[in-house]
Amino acid sequence: MKNFILMIAGGLAVSMTAFSPGGANAAGMDDDIYWHVQADQAEYRIGDGADVLAWQGNAWIGNDDHRLAFKTEGENPIGKRLEKAEFQFLYRKPISDFFDVNAGIRHDLRPDPDRTYGVIGIQGLAKQFVETDANLFVSETGDVSARFEAEVDWLITQRLVLQPLVEVDLAFSEDRRIHSGAGINTVEAGLRLKYEIRREFAPYIGLHYERKFGATANFARDEGEDTDALRFVAGVSFWF
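Residues numbered from 1 in each chain as written. Predicted model: local features only at pLDDT ≥ 70, side-chain atom pairs only at ≥ 80, totals over all residues. Heavy atoms only, no water.

Here we come to the side chain of S237. Secondary-structure assignment places S237 in strand β13 (residues 228–239). Within the local environment of S237, its side chain forms a polar contact with the side chain of K194, the two groups lying 3.5 Å apart. Not counting residues within four places of it along the chain, the set of residues in contact with S237 comprises A39, D40, K194, E200, F201, A202 and Y204. (Helix = DSSP H or I, 4+ residues; strand = E, 2+ residues; numbered from the N terminus. Polar contact = N/O pair within 3.5 Å; in protein donor to acceptor, adjacent residues only side chain to side chain. Contact = heavy atoms within 4.5 Å.)

A word on the packing of aromatic side chains. Overall, the coordinates contain 4 aromatic pairs when judged by the stated rule. When the ring of W35 is compared with that of F240, the centres are 6.2 Å apart and the planes differ by 75°; the resulting orientation is edge-to-face. On the criterion of sequence distance, the pair formed by W35 in strand β1 (residues 34–47) and F240 in the segment after β13 is long-range, its members being 205 residues apart. Taking relative accessible area as the criterion, W35 reaches 53% and is therefore assigned exposed. Arranged with centres 6.1 Å apart and planes meeting at 70°, the rings of Y117 and F137 form a pair that is edge-to-face. Residue Y117 is found in strand β6 (residues 115–125), and its partner F137 is found in strand β7 (residues 131–139); the two are separated by 20 residues along the sequence. F137 matches Y117 in its accessibility class, with the two residues each being buried. An aromatic cluster is present here, built from F70, F87 and F89 joined pairwise through their rings. (Phe/Tyr/Trp six-rings, centres within 6.5 Å; stacked < 30°, edge-to-face > 60°. Buried < 20%, exposed > 50% of the residue type's maximum accessible area, 1.4 Å probe, protein only.)

What follows is about a nonpolar patch on the surface. Residues Y44, I46, L53, I78, L207, Y209, L230 and F232 make up a contiguous nonpolar surface patch of about 690 Å² in total accessible area. Taken together, the elements giving at least two residues each to the nonpolar patch come down to β1, β12 (201–212) and β13. Secondary-structure assignment places F232 in strand β13. Given the relative accessible area of 55%, F232 is considered exposed. (Patch = residues over 30% accessible without salt bridge, like charges linked within 9 Å, V, L, I, M, F, W, Y side chains within 5 Å. Areas by Shrake-Rupley, 256 points an atom, 1.4 Å probe, with all protein chains shown as cover. Salt bridge = Lys/Arg side-chain N within 4 Å of Asp/Glu carboxyl O.)

Here strand β5 (residues 99–110) runs beside β6; their pairing, made up of 10 bridges, is antiparallel. The residue bridging A103 from the neighbouring strand is I120, located in β6. Counted along the chain from β5 to the antiparallel partner β6, the turn is 4 residues long. Across 9 bridges, the pairing between β6 and β7 is antiparallel. Looking at the pairing, I120 lines up with L136 of β7. Connecting the antiparallel pair β6 and β7 is a turn made up of 5 residues, with Q128 showing a positive phi of about 65°. (Pairing = 2+ DSSP bridges.)

Another aspect to go through is the pairing of β1. Where β1 meets strand β2 (residues 52–62), 11 bridges bridge the pair, whose relative direction is antiparallel. Counted as the bridge partner of Y44 is L53 from β2. What sits between the antiparallel neighbours β1 and β2 is a turn of 4 residues, in which G49 has the positive phi angle 75°. As paired strands, β1 and β13 are joined by 8 bridges and run antiparallel to one another. Among the inter-strand pairings, E43 is bridged to a residue of β13, identified as G235.

Time to look at a negative patch on the surface. Together, D48, E83, D222, E223, E225, D226 and D228 make up a region of like negative charge exposed at the surface. Looking at the secondary structure, you find E223 in the loop between α3 (214–222) and β13. On the accessibility criterion, E223 (49% relative accessible area) is partly exposed. (Lys, Arg positive; Asp, Glu negative; His and termini not counted. Charge placed at Lys NZ, Arg CZ, Asp CG, Glu CD.)

In structure tokens:
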């Protein structure tokens, strides 16, 4: 499995080379380079258990055919250690008018011990304008896991947007050191109401629910943690 991760890393390195001056010349000097930075969630959660600061964001640079992308998400309970911190470095290429394929590396600083994963995934706009993101991960220890995310923006007015979303994490084997069981690990669901002061900047309020399942829930109980939590959220989303 380590070879698999190294193979993906090698592919990412080759892709990065394509964005060097020499690579750009080979691909065509007329390709315009664009970039985008977006914070989907920068929020404070209050409710069951400790209050939590949470974030989720992404960025990319490239042209229409080749992009380098960065993703991050995490949670930090107030007054406690950082609970979750994830970073992904990806090469992205369109495979249709509405979907891209991603390949690269994911590194988790938390939970402890840290883990590095190879990543292969697909993201894009499905029917009914549902934003989807599905990824397969292979860790440095050979454990395979997956994640599926979906969200949609419902326009109530020209500025008021209701955004339901769901995220499901599952694993095909148990990794006891990071308290991850086999099967469905965690399901998160959210409902956020945004007010777009500008298209680029929107404060929001909403609800966030998270529940652990199976062996992952058992690990949480052994640590004295809750297996589910409902929290109110307030935050901002922005892009530029």
